[in-house]
Amino acid sequence: MTDHTTRLDHIVLWVEDPLAAAEFYEKAVGLEPVRLTDYAAGEAPFPSVRVNEETILDLMPRAKAERMRMLSGAAESSGHPVNHVCLSLPASDFDALRSRLEESSVPVSDVSRDSFGARGPARRSFYFGDPDGNVFEARHYD
């Protein structure tokens, strides 16, 4: 039986250097690279990193913005401000992420408590940025 529930499949982030971005997401955030070798060999247009078994972040080179023609104005979306992307993690992974970011000298916000999200109030959350200026929130509910 196929589950037809609506889910988030992927988010495309504009980045200057997809290889450097993939390294950041692998080492500092702990996400698994996808198609990195294919991208480096010129066989894939961009690499991705896996958030979970159903969701990836595509790391789209900003230089490809002019090729985005799927909708009028799509090319101008490069750098369009999105407030942030939120990653929900188990408490132990939340703590490990914060530690990795701090060890990598990535600035992080103070920890907030009870901020509202998709599953109600999160016990703790904090924000951090990637090297391309994309802002992320990390949170846990348990």
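Residues take numbers from 1 onward in each chain, read along the sequence in its written order. Local features are withheld for residues below a pLDDT of 70 in this predicted model, meaning they are given only at 70 or higher, and side-chain atom pairs are given and counted only at 80 or more; totals for whole chains, interfaces and linings count all residues. Calculation of side-chain values draws on the structure's entire complement of heavy atoms; hydrogens and water are dropped beforehand.

Observations concerning the overall build of the protein chain
- Secondary structure elements follow DSSP: runs of H or I of four or more residues count as helices, runs of E of two or more count as strands, with numbering from the N terminus. For the protein chain, the count of helices and strands is three helices and nine strands.
- Each residue is assigned to one of three classes by its accessible area relative to the maximum for its type, calculated with a 1.4 Å probe on protein chains only: buried under 20%, partly exposed between the two thresholds, exposed over 50%. Burial status across the protein chain gives 37% buried among its 142 residues.
- Across the protein chain, contacts joining residues at least 24 apart in sequence account for 49% of those joining residues at least 6 apart.
- Only the protein chains shown count as cover for residues, and the accessible areas themselves come from Shrake-Rupley with a 1.4 Å probe. For the protein chain, the accessible area works out to roughly 8,700 Å², and carbon and sulfur atoms hold 51% of it. Any two residues having at least one pair of non-hydrogen atoms within 4.5 Å are treated as being in contact.

Let's talk about the nonpolar core
- Put simply, buried Ala, Val, Leu, Ile, Met, Phe, Trp, Tyr and Cys residues joined by side-chain atoms within 4.5 Å make one nonpolar core. Y25, V29, L101 and F128 are the most contacted members of the largest nonpolar core, which totals 23 residues.
- Those elements that provide at least two residues to this core are β1 (10–15), α1 (18–29), β4 (56–61), β5 (85–88), α3 (91–103), β8 (124–129) and β9 (135–140).
- If one sorts the elements of this core by residue count, α1 sits on top with six residues.
- Leave out the neighbours within four places in its chain, and F128 touches F24, V29, L97, L101, V106, P107, V108, N134, V135, F136 and A138.

Some remarks on α3
- A helix's residues, less one, multiplied by 1.5 Å, set its expected span. A rise of 1.5 Å per residue sets the reference length of α3, with its 13 residues, at 18 Å; its end C-alpha atoms lie 18 Å apart and thus fit the reference within 8%.
- Within α3, the full set of buried residues consists of A91, F94, L97, R98 and L101. In an axial view of α3, the angular spread of the buried residues amounts to 120 degrees, which keeps them on one side of the axis. More than 90 degrees from the buried face of α3, the exposed residues found are S92 and E103. To be clear, the arc concerns the directions from the helix axis to the C-beta atoms.

Notes on the environment of T55
- Tracing the backbone through its elements, the reader meets T55 in the loop between β3 (48–50) and β4.
- Given a relative accessible area of 10%, T55 falls into the buried group.
- Sequence separation between T55 and L8 is 47 residues, and the spatial gap between their C-alpha atoms is 6.3 Å.
- Setting aside its immediate chain neighbours within four residues, T55 contacts L8, D9 and R50.
- Side-chain atoms alone can form a polar contact between residues adjacent in sequence; in general such a contact is a pair of N or O atoms within 3.5 Å, and within protein one must be able to donate a hydrogen while the other accepts it. Within polar-contact distance, the side chain of T55 engages the backbone oxygen of L8 at 2.8 Å.

Brief notes about the pairing of β8
- When DSSP finds at least two bridges between two strands, those strands are taken to pair. Of the strand pairs in this sheet, β8 and β9 are connected by six bridges, and their pairing is antiparallel. Counted as the bridge partner of R124 is H140 from β9.
- Taking the residues that link successive antiparallel strands as the turn, the β8-β9 hairpin has five residues, and the phi of G133 there is positive, at about 90 degrees.

Focus on the packing of aromatic side chains
- We call Phe, Tyr and Trp rings a pair once their centres come within 6.5 Å, taking the six-membered ring for Trp, and we label the pair stacked below 30 degrees between planes, edge-to-face above 60, and tilted otherwise. The final tally for this structure, using the stated rule, is five aromatic pairs.
- Taken together, a centroid distance of 5.1 Å and an interplanar angle of 70 degrees make the contact between F94 and F126 edge-to-face. In this pair, F94 is assigned in helix α3 and F126 in strand β8, connecting sequence segments 32 residues apart. F126 carries the same exposure label as F94, and that label is buried.
- Pairwise contacts between aromatic rings join F24, Y25, F94, F126, F128 and F136 into one cluster.
- Throughout this description, the term charge over a ring refers to an Arg CZ or Lys NZ atom that lies within 6 Å of the ring centre and within 35 degrees of the ring normal. Across the ring face of F46, the terminal group of R35 is positioned such that the distance to the ring centre comes to 4.8 Å.

Digging into the pairing of β4
- Most of β4 is tucked away, with six of its six residues classed as buried.
- Alternating residues of β4 divide into I56, D58 and M60 and L57, L59 and P61, and every residue in both groups is buried.
- Here β1 pairs with β4 via six bridges, running parallel. Within the sheet, the bridge partner assigned to I11 lies in β4 and is L57.
- Across three bridges, β3 lies against β4 in antiparallel orientation. Bridge pairing in β4 links V49 to L57.
- In textbook terms, the turn of a hairpin is the stretch between consecutive antiparallel strands, and for β3 and β4 this stretch comprises five residues.

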